[in-house]
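# Fold and geometry: a report
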Amino acid sequence: MSDSVVTLRPRRIRLVCWVSAVTLVVVFSLVATSLTGSTGDGYGTFQRGDQLAMIGLGVFGALGILLFTRPRVVADAKGVRVRNVIGSHELPWEVVRGVRFDRGAPWASLELYDDDLLPMVALQAADKERAVEGVRALRRLHQAHLAAVAADPAAH
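Residues numbered from 1 in each chain as written. Predicted model: local features only at pLDDT ≥ 70, side-chain atom pairs only at ≥ 80, totals over all residues. Heavy atoms only, no water.

### Notes on the overall build of the protein
Note the threshold: Per the convention used, a helix needs a DSSP run of H or I reaching at least four residues, while a strand needs a run of E reaching at least two, with both numbered from the N terminus. The protein chains shown are the only cover counted for residues, whose accessible areas, like all others here, come from Shrake-Rupley with a 1.4 Å probe. Just so you know, the count uses Lys and Arg for positive and Asp and Glu for negative, and it drops His and the chain ends. Where a charge sits is defined by one atom per residue type, namely NZ (Lys), CZ (Arg), CG (Asp) or CD (Glu).
Along its length, the protein carries 3 helices and 7 strands. Ordering the α and β elements of the protein from the N terminus gives β-α-α-β-β-β-β-β-β-α. Principal-axis analysis of the C-alpha atoms places the extent of the protein at approximately 80 × 30 × 30 Å. Taken as a whole, the protein presents about 9,500 Å² of accessible surface, with 61% of it coming from carbon and sulfur. Of the side-chain charges in the protein, 18 are positive and 15 negative, and the distance between the mean point of each set is 8 Å.

### Considerations on the sheet that holds strand β3 (residues 79-83)
Just so we agree on the cut-off: By the convention used here, strands pair only if DSSP detects at least 2 bridges between them. All axes are obtained by fitting lines to C-alpha atoms, using only the stretch in contact for helices, and the reported angles, taken between N-to-C directions, cover 0 to 180 degrees.
Taking strand neighbours across the sheet as the criterion, the 4 strands line up as β1-β2-β3-β4 in an open arrangement whose pairing is antiparallel. A single partner strand is all that each edge strand has here, and the edge strands are β1 (6-8) and β4 (88-92). On average, each strand axis in the sheet is inclined to that of its neighbour by 10°, with strand direction left out of account. Two elements, β3 and β4, share 5 bridges in a ladder whose sense is antiparallel. Across the sheet, residue Arg83 finds its bridge partner in β4, namely Ser88.

### Overview of the nonpolar core
Convention followed: We call a set of buried Ala, Val, Leu, Ile, Met, Phe, Trp, Tyr and Cys residues a nonpolar core when their side-chain atoms join them within 4.5 Å. Classification of residues uses two cut-offs on accessible area relative to the type maximum, computed with a 1.4 Å probe and protein chains only: under 20% is buried, over 50% is exposed, and between them is partly exposed. Residues are treated as being in contact if the distance between any of their heavy atoms lies within 4.5 Å.
With 21 residues, the main nonpolar core has Val73, Val80, Leu110, Met120 and Leu138 as its most contacted residues. Put simply, the parts of the chain that give this core at least two residues each are β1, β2 (72-75), β3, β5 (96-100), β6 (107-112), β7 (117-124) and α3 (129-151). Setting aside chain neighbours within four positions, we find Val80 in contact with Val73, Val74, Ala75, His89, Glu90, Leu91, Trp93, Val96 and Leu110.

### Some details on the environment of Trp107
Within the secondary structure, Trp107 is located in strand β6. Once you skip the residues sitting within four places of it in the chain, Trp107 turns out to touch Phe101, Pro119, Met120, Val121, Leu123, Gln124 and Ala125.

### Quick look at a nonpolar patch on the surface
For the record, the criterion: A patch consists of residues exposed above 30% relative accessible area that lack any salt bridge, with like charges linked at up to 9 Å and nonpolar side chains (Val, Leu, Ile, Met, Phe, Trp, Tyr) linked at up to 5 Å. By definition, a salt bridge exists where a carboxyl oxygen of Asp or Glu is found within 4 Å of a side-chain nitrogen of Lys or Arg.
Taken together, Leu52, Ile55, Val59, Phe60 and Leu63 make up a surface patch of nonpolar side chains, about 480 Å² in accessible area. Along the chain, the position of Ile55 falls in helix α2 (residues 48-66).

### A few points about the environment of His145
Mapping His145 onto the fold places it in helix α3. Linking His145 and Val5, residues 140 residues apart in sequence, is a C-alpha distance of 13 Å.

In structure tokens:
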């Protein structure tokens with residue numbers, strides 16, 4: 001079997017997330033600098049801690065957005081590792097029936113022999129041809145595994 005490793009990550013969503021995260025921190029920092037003086041009705045005033053808390057909220061929001069840059073798929077001759085926004089899975093090719101990318105689906109998925117579908121958020125329709133090429137590469141690895149099993153069933 002081939003020793004090639006296929007690593008796939010979404011492109012468009014990563015760019016959008018990084019731009020959004022930086023924008024969020026900048027906006028919250030600008031709002032924080034405007035928090036000065038009285039609170040409006042004269043009973044309290046904004047303090048340095050209020051400004052820092054506002055910046056902190058922007059940073060936490062940005063970190064939440066950056067979770068969407070986490071998806072990745074790494075596959076080789078032995079199997080496939082899927083890391084989505086939340087959760088990771090490591091599967092040998094033996095449990096994979098096929099690689100699907102249905103028309104209209106937001107991302108590709110692995111069809112498993114137990115009739116389950118495992119979404120692969122790293123292969124997004126928004127990435128168009130890049131995602132299609134990624135699915136084709138995964139299908140080639142899967143087909144190579146099936147051919148190796150057919151050629152030598154005792155080895156698997």
